[in-house]
Amino acid sequence: MTQLFRPSADRALRRILASSAFAFALVVVTGFIIVRSGPFWNVGSPITQPIPFSHAVHAGELGMDCRYCHSSVEVAATAGVPTVETCMGCHSQVWTAASALAPLHASMATGEPLAWNRVHQLPDHVRFHHGIHVARGVECATCHGDVERMAQVRKVETMSMSWCLDCHWDPHARLSSGSVPPDRLAQLDDCSICHY
Amino acid sequence: MPSERYHPDLQSLGSALAGGDGPRFWRSLEQLAASPDAMRFLEREFPHLGEATRTDRRTLLKLLGASLALAGLTGCEEAPTRPIVARARSVPDHAPGRPLHVATTLMQDGYGLGILVESHGGRPVKIEGNPLHPASLGATDAFAQAEILTLHDPDRSSLIRQEGTPRTRAELARMLDALALEMEGRGGAGLRLLTGPTSSPTFIALTAALSERFPEARWHRHAPALSDTPYQGARLAFGQPLETRLDLSRAEVILALDADFLSQGPGWIAHAAAFAARRDPAGSMNRLYVAEPCPTPTGTRADHRLPLAPDEILHLAADLGAALGVSAPSGGEPHPIVPVLAEDLRRAGPGALVVAGPRLPAGIHALVHVINGRLGAIGSTVVHTAPVLPVPDPDSLAALAEDMAAGTATHLLILDANPVYDAPAGLEFAERLARLPFSLHLGLYEDETAAGCRWHVPMAHALECWGDARAYDGTASLMQPVRTPRAGRLSALELIASLAGQEADGQALVRERWRAERGETGFEAFWTQVLHDGVVAGTAFAPQPVQPAPPPPVNPAGAGEGLRVAFAPDPAVWDGRYAGNAWLQELPRPLSKLVWGNAVLLAPATAARFGVQNGDVVEVTLAGRTVAGPVFVMPGHAPDTATLPLGYGRWRAGFVGSGVGFSAYALRGGEAMWHGTGATLRRSGARDPLVTTQDHHAMADRAVVRAATLAEFRENPDFARAAVEERSSFYPEYQYEGHAWGMAIDLDACLGCNACMVACQAENNVPVVGREEVAIGREMHWLRVDRYFEGPPDDPVVHFQPMLCMHCEKAPCEVVCPVNATVHDSEGLNVMVYNRCIGTRYCSNNCPYKVRRFNWFDYAGRGGGAPVEVYNPDVTVRERGVMEKCTYCVQRISAARIEAKREGRPVRDGEVRTACQQACPTRAITFGDLNAPDSAVTARKRSPRNYGVLADLNTQPRTTYLARVGNPNPDVPKRRDGGGS
């Protein structure tokens, strides 16, 4: 009976299988590298704001404490941004004529809220609580980096789940003081800590 | 959906049950008869699957391949970055991100219920009871829980309209000024005010100011769900109308005559709490006798229940009075229970209590006052105080309608009432209203009455306006806004004030009125204290010493030919005001488990006599008026009586409520507001399939409910724990070093009131699925209250059992999830991780309790879900394709744990309360830390009555139940067929 396939078909098939296996592996590895890279998570790209607020000036040069503005970081899930009234505490007297601060004065006059562009956003299925992290001794710079040296705030960490778990699996390695009692470690990698 | 007619042989069913053959607990007649519909729900959790589409194998494989290929792409949608919005002004003493709790009051049929409202960022999301308020004691009812949805309802009106044209607030003010000027000219002749019932001291003071300015103006009251006979009965007995206040904490033997005092009426939460507190099988147990035509939650708590028609109840009252020597007998054959009942009440003395329901005629109320006086109950279990509501003139609405027809009432203001829909039939209210030169309607919705009035003004909801109210015992409390109302919305106070010539500022009006009462000194401190507490301390009305006069003779009209008809407000939509509230429409009614509609409730024997089954449309004719509606066969209903729930058949109730059910108001004439006789019933031949959840999520005949009498319990305290061997499991044991959460539910205390169901829905963003989806068993309630009957169909005992996720130690659902979306956490919870779930539904398949709910469609999401403002931000809103279930309110556990860790202390017992636990009036649900030896839940679980449902499956549920113990009177003659009484 005549063969349907010529002998070279075997070689061709093996080459196709090998190259598709290699291509698949390449896709997987490339994808893996891309997804774990900083730029994929917007790490390092500064975000422009409606008012060019500089943390370098306020938190760096003037030495203001983070909590003066982000006042609910110790008690609530969100750290919050300062109300316009908080900004006006100084800016009703300082830099009053600056055109960059016009949105502040407008908001104070009308009561209209001021919208800032978010730099750190976690997906909806994650519930993050600032208060408990601060209570356990996690410093602001641990996750947000050297904000007091940033003229425009940018992400310095990916804030991916694996990055969170790096600490949650072994907090003692990351925290300066031993503020987490050992017997509580079992809880920190429960799904229900962050996802409920 | 019950689409096929079946014919259960009730005679043989009844005798089989009496003979001990057949299940001890059954869920419905359909289940007893093993009708095809019931069996569908028993055999498969989702019976419709596979029935709708029949595909061949090739198509199925194609579809599978396509879904696999597309499966990965659903995660590719990236959420847009949201801005962070900074407020302009800081709020003093309030950290953004933490919820605010505000104490305020809801007015229910005029009586105040104190509540605490949890508000996130200025948006109210959850209502809880106010522990300091006597009508709440920390709990709420289903209506209070659902008010959040009414507050945020997009169907609420938002525009002032005159004959349909939108008007501004200024134009309204000008119109009211012109009206006031015109009225002043003629002393107010023709000016009429029609309101619902109200106990608000400020409102009453304003109406006084109004009548000062317009002496000829009149105030009429219309309350479709309230009866005037309690006040009238008090007037007959005591010479003046008085409020009758019960004190269940001292009651040992209670007789309720057509009185659903444990789940309806002013102060019912306090009554239920006190009643449940006195039912302790290990201590002293009270005893409850109930005589009622239609089963109610109070009837289910009865140790002896008598299904009697309304006129038979009058007979019973008269015969009881005769047995106690205070009145003449009824003249008919007394019920066999009367001598034993009289003896039991007499023995209890000051611990006895006879309660007359509001729907009974005034003469019976007077008789009951005399009976209570003879027993020594007055001053002990029942006291009489000044009336909480202003006593209206009798037939207030009828008088108004007559004046409207005669032309003496020309300018009508209707505040928070809907007479075009619910006025008694025969008044022709709508026609008379249309002929008035001026009419104004103030209401939450543009409803039936708004369509009939010339002006419509949107009303501010109780949660967004200032006011005050009195509770059932007279305690005053203030109403303060939890959020500012949208522009254009007025409260009733403000409207009346502007007509009376005062400033339309709710806060100023309420302050003024209380300043007049309290005086100037220390007023600011008083004001702040009262707003903080939610109650004005020390304002309960004092009991008045009374001596009942001899009662008028009771002359119950003979039953005569024909059916008796009883009207009752619906347990979910009440008098129709909540018809537009989707949570309440989808809430299964306690006894019938009907949703999205009402039915003509008939006893099994009566239904058999007329040859009707569930879903058959019948025409009920009473006094020349006819109404058509589907039948629901209600086991335990009094024979030859039909109950028609009010509140349905609305035609302008918004997107949700219009066209649902039939209106019983069309049959309800002024001469027979609650009970009618001489009605006829006729099968019309049409079918209107009802939707009821009574057969959903059934667990066949397994002993899920356990009950015994007190004698049986004393003889065998461990009756509830059927011998369950400790079986080993190859799954590892969990070690709980921290908290180990658990729950215990007392079946003796559960009333089936459904407050827990709506509380869970509000707290956890549980979606509403609509009528068709509920019919195929897809209702999304995380917590359901199953209802079981025990005994013969015409007089069964009813048990309720709340069913929620058991958070099993050896959970069958955890081990079958292919993606590990449901896991056991280190505090004992069975956690559901929504973002991992891919919707295989294997977990739900494995769950023996059928407590898992699947999002078949995007119920909660875009287009068709609840308004976004209603959602609790602490709980994820689930998308299509994701499984959900009770989480033991993990968001509350998390918040309490974080709070405790921040403050460096352990979580206290009682600090974490699940939504269902917090809402329950009788404290049936206890939740807490099983690792704490002194926690309430550990104590409950130590009780010999404690058992786990389906424990023989070795699931080791963390939610266990306390078996029910009844306290029947051993002297009561037993029925031959082993019936409930």
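Quantities reported herein were computed from a predicted structural model and do not represent experimental measurements.

Trainee: Give me the overall build of chain B: which residues, what numbers.
Mentor: Helices and strands together make up the secondary structure of chain B, namely 30 helices and 38 strands. Its C-alpha atoms give chain B a radius of gyration of 28 Å, near enough to 30 Å, the size a compact globule of 981 residues would have. Scored against the burial criterion, the 981 residues of chain B give a buried share of 62%. If you take every contact in chain B between residues at least 6 apart in sequence, the share linking residues at least 24 apart comes to 74%. In the form shown here, chain B has an accessible surface area of approximately 36700 Å², with 53% of it arising from carbon and sulfur atoms.

Trainee: So what about the overall build of chain A? Which residues, and what values?
Mentor: Check the secondary structure of chain A and you find 10 helices and 1 strand. On C-alpha atoms alone, chain A measures out to a radius of gyration of 25 Å, which is more than a quarter above the 16 Å that the 2.2 N^0.38 rule sets for 196 residues. Dimensions of chain A along its principal axes, counting C-alpha atoms only, are 100 × 50 × 30 Å. Long-range pairs, those at least 24 residues apart, make up 62% of the contacts in chain A with a sequence separation of at least 6. For chain A, the accessible surface area stands at approximately 12500 Å², while carbon and sulfur atoms represent 63% of it. Across chain A, the mean location of the 14 positive side-chain charges is 16 Å away from that of the 16 negative side-chain charges.

Trainee: Got a sec to walk through the sheet that holds strand E16 (residues 411–415) of chain B? Specific residues and values, please.
Mentor: All names here are of chain B. Strands sit in the order E7-E6-E18-E17-E16-E8-E9 across an open sheet of 7 strands; the sheet is mixed. The open sheet has two free edges, formed respectively by strand E7 (165–167) and strand E9 (218–221), since each of these has just one partner strand. The mean inter-strand angle of the sheet, taken between neighbouring strand axes irrespective of direction, is 20°. By the bridge criterion, 3 bridges tie strand E6 (residues 160–162) to E7 in an arrangement that is antiparallel. Bridge assignment links Ile160 to a residue of E7, and that residue is Arg167. Along the sheet, helix H14 (residues 396–406) contacts strand E8 (191–195), E9 and E16; its crossing angle with E9, the most-contacted strand, is approximately 125°.

Trainee: So what's going on with the nonpolar core? Which residues, and what values?
Mentor: Residue and element names in this part refer to chain B. By size, the foremost hydrophobic cluster in this structure holds 191 residues, and its most contacted members are Leu248, Ile254, Phe261, Leu463, Phe567, Tyr849 and Tyr888. The residues touching Tyr849, leaving out its near neighbours within four places in the chain, are Met699, Arg784, Met803, Met806, Cys808, Val949, Leu950, Thr955 and Pro957. Ranked by size, the runner-up nonpolar core spans 44 residues in total, among them Leu415, Met459, Phe523 and Leu531.

Trainee: Talk me through the interface of chain B and chain A; I want residue IDs and the actual numbers.
Mentor: Every contact between the two is made by 37 residues of chain B and, on the other side, 39 residues of chain A. Taken together, the two surfaces of chain B and chain A that pack against each other cover about 3400 Å², and 54% of this comes from carbon and sulfur. For the pair chain B and chain A, the interface holds 1 salt bridge. In this structure, the salt-bridge partner of A:Asp124 is B:Arg82, at a minimum N-O distance of 3.2 Å. Inspection of the chain B/chain A interface yields 17 residue pairs in polar contact (both at pLDDT 80 or more). Secondary structure elements with two or more residues in the side of chain B that touches chain A: strand E2 (84–86), strand E32 (830–832) and helix H28 (890–903) of chain B.

Trainee: Go over helix H8 (residues 229–238) of chain B with me, naming the residues and quoting the values.
Mentor: Residue and element names in this part refer to chain B. Every buried residue of H8 is accounted for by Thr229, Tyr231, Gly233, Ala234, Ala237 and Phe238. Tucked into the core, H8 has its buried residues touching strand E4 (111–120), strand E10 (243–246), helix H13 (362–375) and strand E15 (382–385). Count one or two residues on from H8 and you reach Gly239, which has phi positive near 85°.

Trainee: Tell me about the confidence of the model for chain A, and name the residues and values.
Mentor: Here chain A shows a mean pLDDT of 89. Residues at 70 or above account for 94%. Across chain A, the secondary-structure element scoring lowest on mean pLDDT is helix H9 (residues 171–174) of chain A, at 78, and the one scoring highest is helix H2 (residues 55–61) of chain A, at 95.

Trainee: Would you mind going over helix H11 (residues 310–324) of chain B in detail, with residue names and values included?
Mentor: The periodicity of an α-helix, 3.6 residues per turn, causes residues three or four places apart in sequence to face the same way. Residue and element names in this part refer to chain B. Its 15 residues give H11 an end-to-end C-alpha distance of 21 Å, which sits within 8% of 21 Å, the value for a rise of 1.5 Å per residue. With 11 of 15 residues buried, H11 lies mostly within the body of the structure. At the C-terminal side of H11, Gly325 shows a positive phi close to 80°.

Trainee: Residue-level account of the pairing of strand E24 (residues 625–633) of chain B, with values.
Mentor: All names here are of chain B. Where strand E22 (residues 600–602) and E24 come together, 3 bridges link them in parallel fashion. When the bridges of E24 are listed, Leu601 appears paired with Phe632. With 6 bridges connecting them, strand E23 (residues 616–622) and E24 associate as antiparallel partners. From the neighbouring strand, Thr621 faces E24, where its bridge partner is Thr626.

Trainee: I'd like a description of unusual backbone geometry, backed by residues and values.
Mentor: A negative phi angle characterises most non-glycine residues, just as the trans form characterises most peptide bonds. Residue and element names in this part refer to chain B. For Trp596, which is not glycine, the phi dihedral falls at a positive 50°. Inspection of the secondary structure puts Trp596 in the loop between helix H21 (582–585) and E22. A residue is classified by how much of its surface remains accessible, and Trp596, at 10% relative accessible area, is buried. One non-glycine residue, His697, adopts positive backbone phi at about 55°. Among the secondary structure elements, His697 is positioned in the loop between strand E26 (675–687) and strand E27 (707–709). With relative accessibility at 6%, the residue His697 sits in the buried group.

Trainee: Report on the pattern of salt bridges, specifying residues and quantitative values.
Mentor: All names here are of chain B. Taken as a whole, this structure holds 52 salt bridges over all chains when the rule is applied. Salt-bridge contacts for Arg279 lead to Asp748; the nearest nitrogen and oxygen are separated by 3.7 Å. One end of the pair, Arg279, is in the loop between helix H9 (268–277) and strand E12 (287–292); the other, Asp748, is in the loop between strand E28 (741–746) and helix H25 (755–763), with 469 residues separating them in the sequence. Across the pair, Asp748 and Arg279 agree in class, each one buried. If you follow the salt bridges from partner to partner, you end up with Lys126, Glu128, Glu763 and Arg892 in one network.

Trainee: How would you explain the domain arrangement of chain A if you had to name every residue and give the values?
Mentor: As assigned here, chain A comprises domain 1 (10–39) and domain 2 (44–81 + 116–194). Computed over C-alpha atoms, the centres of domain 1 of chain A and domain 2 of chain A are 37 Å apart.

Trainee: How would you summarise the state of the cysteines if you had to cite specific residues and measurements?
Mentor: For the structure shown, the criterion picks out 0 disulfides over all chains. Looking at the unpaired A:Cys167, the closest cysteine sulfur is the one in A:Cys143, lying at 7.5 Å.

Trainee: Summarise the packing of aromatic side chains; cite the residues concerned and give the values.
Mentor: Residue and element names in this part refer to chain B. This model, assessed by the stated rule, comprises 19 aromatic pairs over all chains. Their ring planes at 35° and their centres at 4.7 Å tell us that Trp26 and Phe789 sit as a pair that is tilted. Of this pair, Trp26 sits in strand E1 (residues 25–26) while Phe789 sits in strand E29 (residues 784–790), placing them 763 residues apart in sequence. Exposure remark for Trp26: the relative accessible area of 0% places this residue in the buried category. Taking relative accessible area as the criterion, Phe789 reaches 0% and is therefore assigned buried. Ring geometry for Trp514 versus Phe526: centroids 6.3 Å apart, planes at 40°, classification tilted. You can see Trp514 sitting in helix H19 (residues 506–518) and its partner Phe526 sitting in helix H20 (residues 523–533), a full 12 residues away along the chain. Members of the aromatic cluster, connected to one another through ring pairs, are Trp466, Trp514, Phe523, Phe526 and Trp527.

Trainee: Before we move on, could you go through the packing of helix H7 (residues 201–213) of chain B against helix H18 (residues 492–499) of chain B and cite the residues and values that matter?
Mentor: Helix-helix packing: each pair is described by the crossing angle between the helix axes and the interaxial distance. All names here are of chain B. In contact at an axis separation of 9 Å, H7 and H18 are set at 20° when each is read in the N-to-C sense. When the interaxial angle is binned, H7 and H18 end up roughly parallel. Seen along the crossing, H7 lies across H18 with a hand that is left-handed. Of the residues in H18, those touching H7 at Thr202, Phe203, Leu206, Leu210 and Arg213 are Ala492, Leu493, Ile496, Ala497 and Leu499.

Trainee: So what's going on with the sheet that holds E28(B)? Residues and values would help.
Mentor: Within a sheet, neighbouring strands are paired by backbone hydrogen bonds and run either parallel or antiparallel to one another. Residue and element names in this part refer to chain B. The mixed open sheet is built from 4 strands, whose spatial order is E35-E28-E37-E36. In this open sheet, the two edge strands, each paired with only one partner strand, are strand E35 (925–929) and strand E36 (946–947). With 5 bridges connecting them, E28 and E35 associate as antiparallel partners. Paired with Ile745 across the two strands is Ile925, which belongs to E35.

Trainee: Tell me about the environment of B:Asp280, and please be specific about residues and values.
Mentor: Residues and elements named next belong to chain B. Looking at where Asp280 falls in the secondary structure, it is placed in the loop between H9 and E12. Taking relative accessible area as the criterion, Asp280 reaches 35% and is therefore assigned partly exposed. Sequence spacing of Asp280 and Ala749 is 469 residues, and the spatial spacing of their C-alpha atoms is 9.9 Å.

About the thresholds
Residues numbered from 1 in each chain as written. Chains lettered and ligands numbered in written order. Predicted model: local features only at pLDDT ≥ 70, side-chain atom pairs only at ≥ 80, totals over all residues. Heavy atoms only, no water. Helix = DSSP H or I, 4+ residues; strand = E, 2+ residues; numbered from the N terminus. Rg over C-alpha atoms; globule rule 2.2 N^0.38 Å. Buried < 20%, exposed > 50% of the residue type's maximum accessible area, 1.4 Å probe, protein only. Contact = heavy atoms within 4.5 Å. Areas by Shrake-Rupley, 256 points an atom, 1.4 Å probe, with all protein chains shown as cover. Lys, Arg positive; Asp, Glu negative; His and termini not counted. Charge placed at Lys NZ, Arg CZ, Asp CG, Glu CD. Pairing = 2+ DSSP bridges. Axes fitted to C-alpha atoms, helices over the stretch in contact; angles between N-to-C directions. Core = buried A, V, L, I, M, F, W, Y, C linked by side-chain atoms within 4.5 Å. Buried area = accessible area lost by both parts, 1.4 Å probe. Salt bridge = Lys/Arg side-chain N within 4 Å of Asp/Glu carboxyl O. Polar contact = N/O pair within 3.5 Å; in protein donor to acceptor, adjacent residues only side chain to side chain. pLDDT = per-residue confidence, 0-100. Expected span 1.5 Å × (residues − 1). Domains from an automatic or database assignment. Disulfide = S-S within 2.5 Å. Phe/Tyr/Trp six-rings, centres within 6.5 Å; stacked < 30°, edge-to-face > 60°. Parallel < 35°, antiparallel > 145°, perpendicular 65-115°, else oblique. Left-handed = near helix turned anticlockwise from the far one by under 90°.

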